[in-house]
Amino acid sequence: MDIEEASKHFIHVYNRNKIFAKGENVYLYDTEGNKYLDMGAGIAVSALGYSNEEYKQGLKDQIDKIIHTSNLYFNEPAIKAAGYISEASGLDRVFFTNSGTEAIEGAIKLARKYAYLKNKDSKGSIIAMEHSFHGRSMGALSVTGTKHYREPFEPLIGGVSFAEYNNLESVKALVTEDTCAVILETLQGEGGIYPASPEFITGLRKLCDENDILLILDEIQCGMGRTGKMFTYQYYNIKPDILTMAKALGCGVPVGAFAASEKVAEAMCPGDHGTTYGGNPLATAAVCKVFEIYKDKDIVSHVNEISPYLKEKLEALQSKYSSIIKDVRGMGLMYGIELDMPASQVVTEALENNLILISAGSNIIRFVPPLIVEKEHIDTMYNILDKVFGKF
Ligand SMILES: *Cc1c(COP(=O)(O)O)cnc(C)c1O
């Protein structure tokens, strides 16, 4: 199979030049059998790496029982998975979706309904952040901070304004009596790996409490243990009113969810929202297995053990190539290095050297490896990057 042939039948929205055929642990193999170290994990999805035996067996067992029933009925894996999410997040009620984008859509609808019940004339305005990314559907795109993603598709949903991330005053300045929600990533991913300051998150929580505005935290990328806590907001001793998750939630099976406190969740009643597939037995069996393996293998502790080493190695690269690497930032196993050159050149050159990297924005390389990554893999990554940066 060649790339030109492969590209023919697709709407061209992705630039891709590899066909991967299988994965094992933290490695991917292309169709020619070449082996690549993966520091992207399918965009922060494959937290357990590839081909985890217990995970695969969980899916196979579920396939043998039942794959789909619809949401006209309960199913056992979904009941269990919702319980795991409630326990891990401290939020009372869960709705399963098929993707992160749909979790955002649901979160926006819930916030709008909550505001509507308080005041039928509320405009349901939402404050979002610059540099944010929440997805590509019309609703999720409306709260995404990158103008050139939005512009060709306007008019989007109305009443959205954008504040500066980590600038509480800039959020306060946008609050009106119509504001129903503030939405942000607890650690911005796609926009360039920008961690929140504790003051910003706790300040937002207070601001929202004082004005009965809902705080929506998008942990689709930074949740599920990636930053060293199950959810990143747990560093700040606060809880969101609505939480969105996806990516590593199913570790490869498409599944997302949003969760809310009882008080907020009860704004929704039968008929307000729904999905055919969302929370189907196969997808939620994956979620159950993921939570069970996280617990058995203590994945989150592993993140905390290994992540200082990733930081150390990235900082070592920065000292060595200080004219190219401008900044190293992140938390846990979610790091970014900001470059003085296009990230795409480094990504391409690294791939030539059997290292999979992904960018975030035009000049930032994002490191979101499988959470099972070990020091030896980070050493391999360092050596390849040393070679790659040496060339530029
Ligand atoms: C990936 C991502 C989304 C969108 O999720 P999809 O599963 O691609 O629809 C939303 N928010 C954040 C923070 C993301 O990283």
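Numbers given for residues are sequential positions, taken from 1 along each chain in its written order. Owing to the predicted nature of the model, reporting of local features is limited to residues with pLDDT of at least 70; listing and counting of side-chain atom pairs is limited to 80 or more, with chain, interface and lining totals taken over all residues. Side-chain figures throughout are based on the complete set of non-hydrogen atoms in the structure, without hydrogens or water.

A.B. asks: If you had to explain helix H3 (residues 53-65) to someone new, which residues and values would you point to?
C.D. replies: Its 13 residues give H3 an end-to-end C-alpha distance of 19 Å, which sits within 8% of 18 Å, the value for a rise of 1.5 Å per residue. Exposed residues in this analysis have more than 50% of their type's maximum accessible area, buried residues have under 20%, and partly exposed residues fall in between, with area computed by a 1.4 Å probe over protein chains only. Secondary structure elements follow DSSP: runs of H or I no shorter than four residues count as helices, runs of E no shorter than two count as strands, and numbering proceeds from the N terminus. Listing the buried residues of H3 in full gives Tyr55, Gly58, Leu59 and Gln62. The arc that holds the buried residues of H3, viewed along the axis, is 95°, so those residues lie on one side. Structural note: H3 exposes Glu53 and Asp64 on the side pointing more than 90 degrees away from its buried face. Contacts between residues were defined by any pair of non-hydrogen atoms, one from each residue, lying within 4.5 Å. Buried residues belonging to H3 abut helix H4 (76-89) and helix H11 (281-297). Polar contact criterion, stated in full: a pair of N or O atoms within 3.5 Å, where within protein one must be able to donate a hydrogen and the other to accept it, and residues adjacent in sequence count only if both atoms are side-chain atoms. N-capping of H3 is provided by Asn52, with a side-chain oxygen placed 3.0 Å from the backbone N of Glu54. To estimate the expected span of a helix, count its residues, drop one, and scale the result by 1.5 Å. The directions considered for the arc run from the helix axis to the C-beta atoms.

A.B. asks: Go over the sheet that holds strand E13 (residues 325-331) with me, naming the residues and quoting the values.
C.D. replies: Taken in spatial order, the four strands of this open sheet run E13-E14-E17-E16, and their pairing is antiparallel. Strand pairing shows two members of the sheet lacking a second neighbour, E13 and strand E16 (358-359), which therefore form its edges. Only strands joined by at least two bridges in the DSSP assignment are considered to pair. As defined by bridge partners, strand E14 (residues 334-339) adjoins strand E17 (residues 364-367) across four bridges and the pair is classed as antiparallel. Each bridged residue has a counterpart across the sheet, and for Gly336 the counterpart in E17 is Arg366. Fitted lines through C-alpha atoms serve as axes, helices being fitted only where they are in contact, and the angles separating the N-to-C directions of these axes extend from 0 to 180 degrees. Contacts from helix H13 (residues 343-352) reach E14, E16 and E17 within the one sheet, and its direction differs from that of E17 by about 50°.

A.B. asks: Explain the site of the ligand residue by residue, including any values.
C.D. replies: Nearness is judged by heavy atoms alone; a residue qualifies as near a molecule or strand once a single heavy atom is within 4 Å of it. Taken together, the residues surrounding the ligand are Ser99, Gly100, Thr101, Phe133, His134, Glu185, Asp218, Ile220, Gln221 and Lys247. At a separation of 3.3 Å, a nitrogen atom of the ligand approaches a polar backbone atom of Phe133. Computed with a 1.4 Å probe, the accessible areas rest on the Shrake-Rupley method; for each residue, only the protein chains presented here act as cover. Protein contact buries 82% of the 380 Å² of open area that the ligand shows by itself. Residues are sorted three ways: Asp, Glu, Lys and Arg are charged, Ala, Val, Leu, Ile, Met, Phe, Trp, Tyr, Cys and Pro are nonpolar, and all the rest, Gly among them, are polar. Residues of the shell around the ligand, tallied by class, amount to two nonpolar, five polar and three charged.

A.B. asks: Can you break down the packing of aromatic side chains residue by residue, with the values?
C.D. replies: Each pair of aromatic rings taken from Phe, Tyr and Trp, with Trp reduced to its six-membered ring, is defined by centres within 6.5 Å and is described as stacked if the planes are under 30 degrees apart, edge-to-face if over 60, and tilted in the remaining cases. Using the criterion set out here, one finds eight aromatic pairs in the structure. Here Tyr235 and Tyr236 contribute two aromatic rings whose centre-to-centre distance is 6.5 Å and whose plane-to-plane angle is 55°, an arrangement assigned as tilted. Residue classification places Tyr235 among the partly exposed residues on the basis of a relative accessible area of 34%. Look at Tyr321 and Phe389: their rings are 5.7 Å apart centre to centre, the planes differ by 35°, and that puts the pair in the tilted class. Remark: Phe389 occurs in helix H14 (residues 375-391) and Tyr321 occurs in the loop between helix H12 (299-320) and E13; sequence separation between them is 68 residues. Each of the two residues, Tyr321 as well as Phe389, counts as buried. Over the ring of Tyr149 we find Arg136; its NZ or CZ atom is 4.2 Å from the centre of that ring. Seen from the ring of Tyr235, Lys229 lies directly overhead, with NZ or CZ sitting 5.3 Å from the centre. Here, over-ring charges are defined by two tests on the NZ atom of lysine or the CZ atom of arginine: distance to the ring centre within 6 Å, and angle to the ring normal within 35 degrees.

A.B. asks: Just give me the short version of a nonpolar patch on the surface, but keep the residues and values in it.
C.D. replies: Only residues above 30% relative accessible area that lack a salt bridge enter a patch, with like-charged residues linked at up to 9 Å and the nonpolar side chains Val, Leu, Ile, Met, Phe, Trp and Tyr linked at up to 5 Å. A carboxyl oxygen of Asp or Glu within 4 Å of a side-chain nitrogen of Lys or Arg is what we treat as a salt bridge. A contiguous nonpolar patch, built from Ile11, Val13 and Tyr14 and spanning about 400 Å² of accessible area, is present on the exposed surface. Within the element layout of this structure, Ile11 appears in the loop between helix H1 (3-7) and strand E1 (20-24). A residue is classified by how much of its surface remains accessible, and Ile11, at 75% relative accessible area, is exposed.

A.B. asks: With reference to specific residues and values, describe a negative patch on the surface.
C.D. replies: When charges are counted, neither His nor the chain ends are considered; positive counts come from Lys and Arg and negative counts from Asp and Glu. To locate a charge, take atom NZ for lysine, CZ for arginine, CG for aspartate or CD for glutamate. A cluster of acidic residues, Asp298, Glu305, Glu374 and Glu376, forms a negative patch on the protein surface. Turning to its location among the elements, Asp298 is positioned in the loop between H11 and H12. A residue is classified by how much of its surface remains accessible, and Asp298, at 41% relative accessible area, is partly exposed.

A.B. asks: Please provide a residue-by-residue account of the side chain of His134, values included.
C.D. replies: With respect to the helices, strands and loops of the structure, His134 is situated in the loop between strand E5 (125-129) and helix H6 (138-142). Overall, His134 belongs to the buried group, its relative accessible area being 2%. At 2.7 Å, the side chain of His134 forms a polar contact with the side chain of Asp218. Discounting chain neighbours no more than four positions away, the residues touching His134 are Thr101, Ile104, Ala140, Val143, Thr144, Ile183, Leu184, Glu185 and Asp218.

A.B. asks: Before we move on, can you summarise the pattern of salt bridges with the specific residues and values?
C.D. replies: With the rule as written, the count across this model stands at 23 salt bridges. Residue Asp272 pairs with Lys113 through a salt bridge whose shortest N-O separation is 2.6 Å. One end of the pair, Asp272, is in the loop between helix H10 (262-265) and H11; the other, Lys113, is in helix H5 (residues 100-118), and 159 residues separate them in sequence. Measuring nitrogen to oxygen at the nearest pair gives 3.3 Å for the salt bridge that ties Glu190 to Arg366. Highlighted residues: Glu190 in the loop between strand E8 (187-188) and strand E9 (194-195) and Arg366 in strand E17, separated in sequence by 176 residues. Residue classification places Glu190 among the partly exposed positions, given a relative accessible area of 23%. Given a relative accessible area of 2%, Arg366 falls into the buried group.

A.B. asks: Go over H13 with me, naming the residues and quoting the values.
C.D. replies: Where H13 is concerned, the buried positions are Ala343, Val346, Glu349, Ala350 and Leu351. Considering only its buried residues, H13 is in contact with strand E3 (35-38), E14, strand E15 (355-356), E16, E17 and H14. Backbone geometry just after H13 places Asn354 at a positive phi near 65°.

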